[in-house]
Amino acid sequence: MQQSAAPAGDAITLFCLHALGGSARSWDGPSACLGDGVRCVGIDLPGFGDTPMPGRHEVEQLADHVAELVRVAAPVRWGLLGNSMGAKVALAVARRAEDGEAGLSGLERLVLMAGSPPSPEPIPEERRREMLQWFRDGPARDREQARIFVAANVSSPLPADREQAAVEDVLRADKRAWRAWLTVGAAEDWQQRIGVLRTPALVLAGRADADLGPDAQRALMLPHLAHGRLLVLDAGHLLPLERPKEVADAVAAFVRKDGAFPGVAAGPVLPDEAYRAFIASDRVSRRVRAALEKRMEADDPAYAPQVLTPVALALLRAVMARVLPQTSDEANQGTIDLAARLDAQLAAGGGDGWRVATLPPDAEAYERGLRTLDAVARQGAGCPFLCLDGAGQDALLHEVQAGQCRADGLSPHQMLAWFEDVRGDAVRLFVSHPATMARLGYGGIGNGGDEPRLRGFDGSHLDRREAWEPRTPPGPGRVLAETGA
Amino acid sequence: MTGILSLPERRFADEEVVDVVVVGTGAGGAPVLARLAAAGLRVVALEAGAPGPPRDHAADETEATELYWLAERLAGGTTPQPMGANNSGTGVGGSLLHWGAFVPRPDARDLRLRTETGRGRDWPFGLDALLPYLREVEEAIQVSGPRNYPWDPSRRYPQPPVARNQAADAMARACDSLGIRATDAPAALVTRDTEQPGFGTRESCIHCGACHQGCRNGSKAGGDTTFLPAAVLDGAEIRPNCMVTGIERDALGRVSAVIYREDGRERRQRCAALFLCAGAVETPRLLLHAGLCNGSGQVGRNYMAHVATQVWGTVDREIRPNKGYPSSLISEDMVRPADADFVGGYLVQSLGIMPVTWANQVARGRGLWGRGLTDYLAQYNRVIGIGINGDCLPYEENRLTLSDELDESGMPKPLISFSAGENEQRIHAHAERVLSRIWEEAGASDLWTLTRYAHTIGTCRMGPDGDDAVVDGRGRSFEIDNLWICDNSVFPSALSANPALTIMALGLRSADAFLGRLPA
C-alpha cells in the first residue's frame, strides 16, 4: 500500500486499484497532481506489486483484499479509483459498501477509468489467447512481451521512466494472477450482483482504447451507475500512466463537486396545481385518489431492475425516450421512468392477459428484443444502440416497425410484434400517470367520489364542460361552454 | 344508496350431491343459476374470481384491470386476438362486470345465414324460438332504449333511452344528412331508479362513461345486479375464488363431480348435473384438458371474433370522449347493405372511450410513436369515434388448442389461433368507407381506421348433429347427457349483434330445457 502525504481535516481517501499488470505505483502520477483535501492510497491487488497471490484469484477475492484495507484504514469519507481490471474490483467493493457491509460506510465517489464492466469483458478472443501464451519463454522474451503489452495499451509512447516502471510492474506480476484474470476474472458476469449503484460515479474513457473505450463504457458501464457521467480523454487504456494530470484534474473536480449528479428523474413528476386540487376533491373516490397518489410517487434514479438486466433497462429507457418523448420544459416537470415502471410490472407478473404466441414470455421478450435491437445497431451502424443519437435510434426503430430488423436474436416478425407491445406498454404507463391526465384535460377520474349518491355528469348537458372538470390544454379547437356559466 | 349482492352464508358440503353445478357467473351462468334456483333446485355456481360490491369499482383504467381475465393466453394466426380486456372477465358477475351493456337483439337473418347465402352456418332454431327469452331478459335486466326502434317497430323497451353523448350527437346529425337511419342504442342500464329483487336500488345512469371500469351505482345491468341476487333469493349458492380444473365421471360416464382449486387446495363438489358457462375460451379449455365431449373433434374449433372496425377523427371542438354512456347511438342499416360484396353485415355505433384504452389503440393500431404520438395523444378531448360490430364466419382452422405452457391453475395455457377471412376483410373495408363518410360529414379531420376484432365466440358449437357439433340446440352435450354448455362458445355463427343479450336468452332457454319446460 502506497500512500501520499496525509492531509488533515475532512479529507477524502481515494483507494486506487490498478490495471492488469500494474501496481500501486501506477497511480504515482495522478496522486502527485492531486492537491489538498484528497489522500490517495494505492493498492497492490493480490498477485501484483508486492501483494502475494491468493489461493483463489477471482473478483471476489480481489474485492476482499480491498475491503479489508478500507476497513483497516477506517476513513470517514472515501472513494474508489479503478483502472480496467481495478474498476471491476471497485464496482464489487462499491456494491458491498452500498449494501451496508460492516466497516465500509462513507463511500462517496467512484471513478472508473477504461473500466472492465460488470459483464464479461468484450476482449477479442485472439488477443486474449495470445496474452495467455506470454511469459513462458525466458526473461528476454518476457521483457519484450511486457513492452508490447504496455505499448499496445497507450495511445502514444510513455516517457521513458514511466514506461520502464510499467514494464517492471508487468514483469513482477505473479503470472498465475495474470492468467487468472484473463481466464476467470475478466469473464465473470457481475451484472446482476452489481445491479445499479447509487454512488456518484465518473467514468473516464480513452478515445483510442480499442475494447473499453467510450462506446463500451456507454453501453456496458454507465447502465450500472445511477449517477454516472462519462468523460473522454485523448488516451488509450492505461489512463493514469498516460494522462496523470488530466486524470488528477478530473478526479479533483469530481471530488469537490456537490449538489446534483446526472441521472433519471429526481423527484416526483406532478400534474399542475389545479389538477392536484381536482384529485384531492370529493369528485374523486378514495380508491382512485390512492391509486393516483401511488403513481405520482417519485421514481428512484437508482432503481434496481428486477427482471431486466441493468444494460437492458438502460436500452429500454433509451427506447422509451424515442417512443414517448417526454417534455420536461415546464417547471417542476421531470420525466416518468417508464422503463423502471415496466420492469417492476413485469416482476410483479402483472401481464395484460395475453401475448402473441410467436413471442416468448413478456420478460424474456423484452430482454431479447432489446438485445436484438442493440445487435442491429452494432451490425448496421457499427456502435451500440446506446451510442447512437436520437435520429440513429429512430432509424432502427423504423426498421423494426417495417419488419426489416435483422440480427441475431428475435426474428424480424417477432421484433415487429414486440415493438407493438413496447408502444402499448409505454402509453399505458404514460397516460395513466396523473401528470399526463392533466395535460390531456381528462376529467373521467372525477365522475364520482364517495358520496351516498354518485353524481357523474349532467346528462342533459353532455355538450358542456362542468365547472369542476379540468380544462383542455390550449389547442387548435374551440372549448366547451361551461354549464351554468 | 346503491344496492349490493349479498352472498349467502350457506355452503353445500363438497360430498353433498347438488342438483347442478354451474361453472362461471357471467352472461351464461347467471341466468342459468337464477332459473334453476327459482325452480327449487339445489344449485351452486363456482366462480374463479372474487366478489365485490359495485361501489368498490374504480373509475380508473389501471385499477379496473382487476375485472379482466389476466391469466395468460397465447394468440396465434394472422390476426392474433388480444385477450385480457377483450370480453373475458373475472369476478362474481363475469365479463358483465366490465361489458359495454350494448344490447341489440340478434337479427333473424343472421341465424339463417347459410340458408340465405350458402356460407357460414345456421343456428339450430330461428329467432322465433329465442324471441320470448330475449324479451324476458330485457325485462329482467331492465334495458333502456328508444320508443320507436326503426328496424323493428313492434319493439318496446322497459326504460327510456340513455342520454346521448357528443359522439352520438355528431353521428346522429351526420347520418341524418346522409340518409342513414340511426337512433338511441338499446342499453342494459336503468335511466330511472329501479328496485331489483334481491339487490336493492339500481340508481339511474349518471353518464359517467365508466361502464368498462365497472358501474358504481348499479345502473348498468350485470349478473351481480340482476340474475345473481335473484338466484340467491331463491337459495342458490355462489362460491367465489374457485377455479374449476377438472370433471369427474361415474362408471356410466356421466358427470359426478367437479374438481376445483380454492385457497391453493384442490377440492371436489359432487353434483347430479353440470352447466359449463365459462366462456368461449375457458369452457373449451376445460373440456380439452379433461378430454371430454370431443368425439366430434369440434371442441375448440370455429373460434370467431366480430369485425370491430373503428374510425377515429378529430374535430375543432371539445368532445371529451370519456363523458356519457359510450355507445349511445346505433344504426342497423348495414345489417344487409345493398352494395355488399360480402355475406352478413354489421351494426354501427358511436363510441366513447377512456384515455388509456384509446392511447393503446393509437400506439398499437395507428402505429404512432415519438413526437407524432405525443402530439396526437394531446388531442384526446377532441377526438371522436365510431365503430361497428360485424358478423364473422366460422372457420375450422380458427381454433383453440392447448399449448405446452401451464398457467397458475396448473392447466395448459390456451392457444387461440384466429385469422380473419376474406369475408371479414370485406366487411371491414365496407365499414371503413361508411364510417369515414359519416365522420367526414360530421366535419372530422385526420381520420384513421383501427383494424380490430372483438368478442370471443364459438369453440363448442351447437347443432342438430353430434358428428359436427358439441351440444344440441338446447345446450346439452351429445356425449354426456348431464353436461350442458351455455355461453358464447355454443354460437354456431357470430351474428352481427353483440353477444351478451343472446347469451343471457340462451341461458334461460337452456335452463328451461334442462327443467323439461321446453316444448320438444
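Residues numbered from 1 in each chain as written. Chains lettered and ligands numbered in written order. Predicted model: local features only at pLDDT ≥ 70, side-chain atom pairs only at ≥ 80, totals over all residues. Heavy atoms only, no water.

- Looking up chain B in an unreviewed UniProt entry gives the name GMC family oxidoreductase, with the organism given as Rhizosaccharibacter radicis.
- As recorded by UniProt, the Sequence similarities (unreviewed entry) comment attached to chain B reads in full: "Belongs to the GMC oxidoreductase family." (UniProt positions renumbered as here; feature names shortened; annotations may be inferred.)

- Naming follows an unreviewed UniProt entry, where chain A appears as Alpha/beta hydrolase of Rhizosaccharibacter radicis.

1. Things to note about unusual backbone geometry
Residues and elements named next belong to chain B.
- Phi is positive for Asn302, close to 60°, though the residue is something other than glycine.
- Note that Asn302 resides in the loop between helix H6 (279-290) and strand S12 (304-307).
- Residue Asn302 is classed as buried on the basis of its relative accessible area of 3%.
- You will see that Thr459, though not glycine, has its phi angle at about 100°, which is positive.
- Mapped onto the secondary structure, Thr459 falls in the loop between strand S20 (453-457) and strand S21 (483-485).
- Given a relative accessible area of 1%, Thr459 falls into the buried group. (Helix = DSSP H or I, 4+ residues; strand = E, 2+ residues; numbered from the N terminus. Buried < 20%, exposed > 50% of the residue type's maximum accessible area, 1.4 Å probe, protein only.)

2. Section: the interface of chain A and chain B
- Taken together, the 71 residues of chain A in the interface contact 65 residues of chain B.
- Carbon and sulfur atoms make up 53% of the surface buried where chain A meets chain B, a total of about 5,500 Å² over both sides.
- Three residues, Arg287, Trp354 and Leu462 of chain A, lead the burial of chain A against chain B; their summed loss comes to 14% of the area buried on that side.
- Scanning the region where chain A abuts chain B turns up 11 salt bridges.
- Between Glu66 of chain B and Arg287 of chain A there is a salt bridge whose closest N-O contact spans 3.0 Å.
- The tally of links between chain A and chain B comes to 36 residue pairs in polar contact (both at pLDDT 80 or more).
- Elements represented by at least two residues in the side of chain A that touches chain B include exactly helix H13 (286-296), helix H14 (310-323), strand S8 (354-356), helix H17 (390-401), helix H18 (412-431) and helix H19 (434-440) of chain A.
- A total of 9 residues in the side of chain A that touches chain B trace back to one element, the largest contributor, which is H18 of chain A.
- Residue composition of the side of chain A that touches chain B, grouped by class: 28 nonpolar, 20 polar and 23 charged. (Contact = heavy atoms within 4.5 Å. Buried area = accessible area lost by both parts, 1.4 Å probe. Salt bridge = Lys/Arg side-chain N within 4 Å of Asp/Glu carboxyl O. Polar contact = N/O pair within 3.5 Å; in protein donor to acceptor, adjacent residues only side chain to side chain. Nonpolar A, V, L, I, M, F, W, Y, C, P; charged D, E, K, R; others polar.)

3. Side note on the UniProt feature "domain: AB hydrolase-1" (unreviewed entry) in chain A
- When the UniProt feature table is mapped onto this chain numbering, "domain: AB hydrolase-1" (unreviewed entry) sits at residues 15-250 of chain A.
- Secondary structure content for residues 15-250 of chain A is 44% helix and 14% strand, and the end C-alpha separation is 16 Å.

4. Considerations on the packing of aromatic side chains
Residue and element names in this part refer to chain A.
- Under the counting rule described, the total for this entry stands at 23 aromatic pairs over all chains.
- Ring geometry for Trp134 and Phe135: centres 6.0 Å apart, planes at 75°, overall edge-to-face.
- Positioned above the aromatic ring of Phe135, the side-chain terminus of Lys175 is 4.9 Å from the ring centre. (Phe/Tyr/Trp six-rings, centres within 6.5 Å; stacked < 30°, edge-to-face > 60°. Lys NZ or Arg CZ within 6 Å of the ring centre and 35° of its normal.)

5. Comments concerning the UniProt feature "domain: Glucose-methanol-choline oxidoreductase N-terminal" (unreviewed entry) in chain B
- According to UniProt, the feature "domain: Glucose-methanol-choline oxidoreductase N-terminal" (unreviewed entry) maps to residues 125-307 of chain B in the numbering used here.
- Between the C-alpha atoms that bound residues 125-307 of chain B the distance is 24 Å, and the span itself is 26% helix and 21% strand.

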